[in-house]
Amino acid sequence: MLYYQDEAITIYHAAMEDVLPDLRYDVVVSDPPYGIRYVGYNHGTVRGDHNHDAVSAMLNIVGDTPTVLTGANHFAQRLPSVGAWSYWDKRCGEKADRMFGAPGEFIWTSGKDRSGKMYRIMHGGVVNADGYGIKRIHPTQKPVVLMERIIEDWAKDGVIVDPFMGVGTTLVAAKRLGRTAVGIEVELDYCAAAVERLGAL
């Protein structure tokens with residue numbers, strides 16, 4: 001179950017519900033399954049994406065823990081009625097609006113209603129915010145710079161947990177910022193990819 005550990009990062013190869021209830025953490029930062037039966041441009045799919053059960057189960061476990069979830073426009077009906085809404089603009093201008101894929105997505109932060117943030121980070125098609133032409137490993141992989149900014153804005157203190165870590169973007173961002181983080185991932189290949197990415201830092 002414990003897959004990897006260093007001085008800052010811990011990774012569990014397991015289902016979220018089997019590990020998260022027993023962990024200690026201060027803030028949740030994650031890109032959970034959206035419940036939209038996603039099929040990527042290379043036919044990649046996301047485990048647990050057939051409904052919203054994964055998001056609901058996670059929210060029940062974390063309770064009142066400060067939480068930040070990307071792609072939250074896809075499961076807004078499962079979220080509390082209060083919180084901050086931010087937006088990630090993936091196009092950053094009209095010239096890029098013809099690019100393949102969604103032009104942006106909403107990010108939800110738990111807590112009282114307050115002003116959100118705007119993140120303008122170009123990302124789509126072959127234009128990957130992590131570097132031009134760099135292929136994503138996970139079909140819905142987020143840019144490291146986006147997760148860094150989210151952590152700096154919404155997860156200023158304490159241990160970060162990502163219950164659906166994918167290939168570890170949240171963990172990479174946390175380590176680059178000198179933070180402590182824990183990731184949980186059910187797909188073994190993604191755990192291996194996350195460790196490789198962390199090792200490259």
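Provided above is the structure to which this section pertains.
Residues numbered from 1 in each chain as written. Predicted model: local features only at pLDDT ≥ 70, side-chain atom pairs only at ≥ 80, totals over all residues. Heavy atoms only, no water.

Considering the overall build of the protein chain
Selection criterion: Note on conventions: DSSP H or I runs of at least 4 residues are helices, E runs of at least 2 residues are strands, and numbering of each starts at the N terminus. Working definition: with a 1.4 Å probe on protein chains only, accessible area under 20% of the residue-type maximum means buried, over 50% means exposed, and in between means partly exposed. Whether two residues are in contact is decided by their heavy atoms: any pair within 4.5 Å suffices. In these tables, accessible area is a Shrake-Rupley quantity obtained with a 1.4 Å probe, and a residue counts as shielded only by the protein chains included in the view.
Assigned secondary structure in the protein chain consists of five helices and nine strands. When the helices and strands of the protein chain are read in sequence order from the N terminus, they spell out β-β-α-β-α-β-β-β-β-α-β-α-β-α. Per-residue burial over the protein chain gives 52% buried out of 201 residues. Across the protein chain, contacts joining residues at least 24 apart in sequence account for 67% of those joining residues at least 6 apart. Split by element, the accessible area of the protein chain, about 10000 Å² in all, is 50% carbon and sulfur.

Looking at the pairing of strand S4 (residues 67-70)
Stated precisely, the cut-off is as follows: In this description, strands pair whenever DSSP reports at least two bridges between them.
The alternating pattern of S4 places Thr67 and Leu69 on one face and Val68 and Thr70 on the opposite face, and all of these are buried. Pairing of strand S3 (residues 27-30) with S4, which is carried by three bridges, proceeds in the parallel orientation. Residue Val29 lies in a different strand from S4, and its bridge partner there is Val68.

Observations regarding the sheet that holds S3
Note on sheets: strands pair through backbone hydrogen bonds, and any given pair is parallel or antiparallel. Basically, it comes down to this: Here an angle of 0 to 180 degrees is reported between the N-to-C directions of two axes, which are lines fitted to C-alpha atoms, with helices fitted over the stretch in contact.
An order of S1-S2-S9-S8-S3-S4-S6-S5-S7 is seen for the nine strands of this open sheet, with the pairing classed as mixed. Both outer strands of the open sheet, strand S1 (2-5) and strand S7 (118-120), are each paired with one neighbouring strand and no more. Ignoring which end each strand starts from, the neighbouring axes of this sheet average 15° apart.

What to know about the side chain of Arg197
Tracing the sequence through the fold places Arg197 in helix H5 (residues 188-199). Residues contacting Arg197, with those up to four places away along its chain left out, are Asp130, Ile137, Gln141, Val144, Val167, Gly168, Thr169 and Val172.

With respect to the nonpolar core
Basically, it comes down to this: Note on terminology: a nonpolar core comprises buried Ala, Val, Leu, Ile, Met, Phe, Trp, Tyr and Cys residues joined through side-chain atoms within 4.5 Å.
Counting 28 residues, the largest nonpolar core has Ile11, Val29, Tyr119, Leu146 and Ile150 as the members making the most contacts within it. Elements that contribute at least two residues to this core include exactly strand S2 (9-13), S3, strand S5 (84-89), helix H3 (144-154), helix H4 (169-176) and H5. Ranked by residue count, the leading element in this core is H3, at six residues. Counting residues in each nonpolar core, the second largest holds 23 residues, with Tyr34, Ala54, Met58 and Phe164 among its members.

Observations concerning H4
In terms of residue burial, H4 counts as a mostly covered element, since six of its eight residues are buried. Every buried residue belonging to H4 is among Thr169, Thr170, Leu171, Val172, Ala173 and Ala174, and all of these are buried. Of the surrounding elements, those touching the buried residues of H4 are S2, S3, H3, strand S8 (160-162), strand S9 (181-185) and H5. Within two residues after H4, Gly178 carries a phi angle of roughly 75°, on the positive side.

Describing the pattern of salt bridges
Convention followed: Any carboxyl oxygen of Asp or Glu within 4 Å of a side-chain nitrogen of Lys or Arg constitutes a salt bridge here.
This structure, assessed with the given rule, holds five salt bridges. In this structure, Lys142 engages Asp31 in a salt bridge whose closest nitrogen and oxygen atoms are separated by 2.9 Å. You can see Lys142 sitting in the loop between S7 and H3 and its partner Asp31 sitting in the loop between S3 and helix H2 (53-62), a full 111 residues away along the chain. For the residue pair Lys142 and Asp31, the accessibility class agrees, reading buried in each case. The salt bridge involving Arg176 is made with Glu148; its shortest N-O contact spans 2.7 Å. A residue pair is termed long-range when its members are at least 10 positions apart, and Arg176 in helix H4 and Glu148 in helix H3 qualify at 28 residues.

A look at H2
Among the residues of H2, Ala54, Val55, Ser56, Met58, Leu59 and Val62 are the ones counted as buried. Close packing links the buried residues of H2 with helix H1 (16-19), S3 and S4. Where H2 ends, the next residue or the one after it, Gly63, has phi of about 60°, a positive value.

Concerning the packing of aromatic side chains
Threshold: Two rings from Phe, Tyr or Trp (for Trp, the six-membered ring) form a pair when their centres are within 6.5 Å of each other. A pair whose planes differ by under 30 degrees is stacked, one over 60 is edge-to-face, and the rest are tilted.
Scanning the entire structure with this criterion turns up two aromatic pairs. With centroids separated by 6.1 Å and ring planes inclined at 80°, the aromatic side chains of Trp85 and Phe106 adopt a geometry described as edge-to-face. You can see Trp85 sitting in strand S5 and its partner Phe106 sitting in strand S6 (residues 104-109), a full 21 residues away along the chain. By relative accessible area, which is 36% here, Phe106 ends up partly exposed.

Function cannot be inferred from these measures alone, as they are strictly geometric.
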